[in-house]
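# Chain and residue survey
Now for the letters of each chain:
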Amino acid sequence: MTDSADSPSFRLAYVPGVTPAKWVRIWEERLPGIPLTLLQVTPAEAADALRDGSADAAFVRLPVDRTVFSAIPLYTETTVVVVPKDHVITAAEEITLDDLADEVVLHPLDDVIGWAEPPGEPAFERPATTADAVELVAANIGVLVVPQSLARLHHRRDLTYRTVVDAPQSSIALAWPEEATTDRVEDFIGIVRGRTVNSTRGRQTPAEQREGDGGGRGRTAGAKGGAAKSGAAGRSGGAKAGGTRSGGTRAGGAKTGGTRSGGGPKGGGARRGTGGGKPRRRS
């Protein structure tokens, strides 16, 4: 198998119902020097395209052979029934499989639902493709149960669809050969997962971020905080020592006990008095 590293472009296969346009657009923005080539394949052809190297990766319908392929499940589709616009089923917004019990349900050979047993009455012959089955629905031959994306893909003005709430569902995944996980495959995985350009490269480690960004701010804040505390303490201490304690009766008399900083006659009288009150005047 040819390694995708030797190929001139990234080759992406996709099955009907998948719309890869948004991922292709991001690829072209990020990797303009590496063309992305699209290859539409049927669900049956998708695995072969990956095995023989025709595609580097593919949007496929699950299941896939996980002994050979790596796969990232992306989303699960709603299952709907396609009917003529004047069909009785259109009276409801949603139906169940039991509502199809008396209907002829077309089961094309390229069916992707994977029924254990298809609902309703079988048609006289199985259509070759989903597109053929849609034509038969338009001709009032029967109804068709498919993933919603296929109902949209084969839209006709004379047809509509309704959700089948209890039907099996089809899931879409990105798959690639496990032994061919190249840098280009990794790039595309990142795009599909919604990673940014710098999500895995060029970022600083948390330690570097703390050292380069947070460390300086932390030290500055600490210095300011220390200065503030020191100044506050100095101001507080000065106020207590030079203000209230030396000149005030309560602080001087009740707390300091007398001789710290020249309290004056009132301070001395308060300290020598019996009750700490005002000194008695001499007659």
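Residues numbered from 1 in each chain as written. Predicted model: local features only at pLDDT ≥ 70, side-chain atom pairs only at ≥ 80, totals over all residues. Heavy atoms only, no water.

### Some details on helix 3 (residues 130-138)
- Turning to helix 3, its buried residues number three or more, namely Thr130, Ala133, Val134 and Val137. The buried residues of helix 3 occupy an angular sector of 105° when projected down its axis, which confines them to one face.
- Its buried side turned inward, helix 3 meets strand 5 (79-84), strand 7 (104-106), strand 9 (143-147) and strand 10 (159-164).
- Where helix 3 ends, the next residue or the one after it, Asn140, has phi of about 60°, a positive value. (Buried < 20%, exposed > 50% of the residue type's maximum accessible area, 1.4 Å probe, protein only. Helix = DSSP H or I, 4+ residues; strand = E, 2+ residues; numbered from the N terminus. Arc of directions from axis to C-beta. Contact = heavy atoms within 4.5 Å.)

### Section: the packing of aromatic side chains
- Taken as a whole and judged by the stated rule, the model has five aromatic pairs.
- These aromatic residues form a ring-pair network of at least three members: Phe10, Trp23, Trp27, Phe59 and Phe188. (Phe/Tyr/Trp six-rings, centres within 6.5 Å; stacked < 30°, edge-to-face > 60°.)

### Details of the sheet that holds strand 7
- Strand order across the open sheet formed by six strands is 6-10-5-9-7-8, with mixed pairing between neighbours. Taken across any chain shown, the strands that pair with only one partner, and hence form the sheet edges, are strand 6 (94-95) and strand 8 (121-122).
- Alignment of strand 5 against strand 9, held across four bridges, turns out to be antiparallel. Counterpart to Val82 in the pairing with strand 9 is Leu144.
- Its contacts with the sheet put helix 3 on strand 5, strand 7, strand 9 and strand 10, and the angle it makes with strand 9 is roughly 140°. (Pairing = 2+ DSSP bridges. Axes fitted to C-alpha atoms, helices over the stretch in contact; angles between N-to-C directions.)

### Focus on unusual backbone geometry
- Looking along the chain, the bond that leaves Leu62 and enters Pro63 is cis, with omega of 10°.
- As for its placement among the helices and strands, Pro63 is situated in the loop between strand 3 (57-61) and strand 4 (69-76).
- Phi at Asn140 is positive, roughly 60°, even though this residue is not glycine.
- Counting through the fold element by element, Asn140 comes out in the loop between helix 3 and strand 9.

### Description of helix 1 (residues 21-30)
- All buried positions along helix 1 are accounted for by Trp23, Val24 and Trp27. Across the axial projection of helix 1, the buried residues extend over an arc of 100°, all falling on one side.
- The secondary structure elements touched by the buried residues of helix 1 are strand 1 (10-14), strand 2 (36-40), strand 3 and helix 5 (183-193).

### Quick word on the sheet that holds strand 2
- Strand order in this open sheet of five strands is 2-1-3-11-4, and the pairing throughout is mixed. Every interior strand has two partners, whereas the edge strands, strand 2 and strand 4, have only one. Neighbour-to-neighbour, the strand axes of this sheet turn through a mean angle of 20°, independent of strand direction.
- Relative to strand 2, strand 1 is paired through five bridges, and the arrangement is parallel. By the bridge assignment, Tyr14 is partnered in strand 2 with Gln40.

### A word on the packing of helix 1 against helix 5
- Packing of helix 1 against helix 5 leaves a shortest axis separation of 10 Å and a crossing angle of 125°. Classified by the angle between their axes, helix 1 and helix 5 sit oblique to one another. You can see that helix 1 and helix 5 cross each other, and the crossing is right-handed. Along the contact surface, helix 1 presents Trp23, Ile26, Trp27 and Arg30, while helix 5 presents Arg184, Asp187, Phe188, Ile191 and Val192. (Parallel < 35°, antiparallel > 145°, perpendicular 65-115°, else oblique. Left-handed = near helix turned anticlockwise from the far one by under 90°.)

### Digging into the environment of Asp132
- On the secondary structure map, Asp132 appears in helix 3.
- Here the alpha-carbon distance between Asp132 and Leu106, two residues 26 residues apart in the chain, equals 9.9 Å.

### What to know about the environment of Leu106
- In this structure, Leu106 sits in strand 7.
- Judged by its relative accessible area of 3%, Leu106 falls in the buried class.
- In this structure the C-alpha to C-alpha distance between Leu106 and Pro118, which are twelve residues apart in sequence, comes to 8.9 Å.
- In contact with Leu106, not counting residues within four places along its chain, are Ala123, Pro127, Ala133, Leu136, Val137, Gly142, Val143 and Leu144.

### A closer look at the confidence of the model for the protein chain
- Per-residue pLDDT for the protein chain averages 79, and the proportion of residues at 70 or more is 67%.
- For the stretch residues 1-5, pLDDT sits under 50, and the model shows twelve contacts to residues farther than four places along the chain or on other chains.
- Confidence drops under pLDDT 50 across residues 201-279; counting only partners more than four residues distant or on other chains, this segment forms 36 contacts. (pLDDT = per-residue confidence, 0-100.)

### Observations regarding the pattern of salt bridges
- Overall, the coordinates contain five salt bridges when judged by the stated rule.
- We note a salt bridge from Asp56 to Arg11, for which the minimum N-O separation is 2.7 Å. You can see Asp56 sitting in the loop between helix 2 (43-51) and strand 3 and its partner Arg11 sitting in strand 1, a full 45 residues away along the chain. The pair Asp56 / Arg11 is uniform in exposure class, with both members buried.
- Across the salt bridge formed by Glu77 and Arg61, the nearest N and O atoms sit 2.8 Å from each other. Residue Glu77 is found in the loop between strand 4 and strand 5, and its partner Arg61 is found in strand 3; the two are separated by 16 residues along the sequence. Here Glu77 and Arg61 have matching classes, each one buried. (Salt bridge = Lys/Arg side-chain N within 4 Å of Asp/Glu carboxyl O.)

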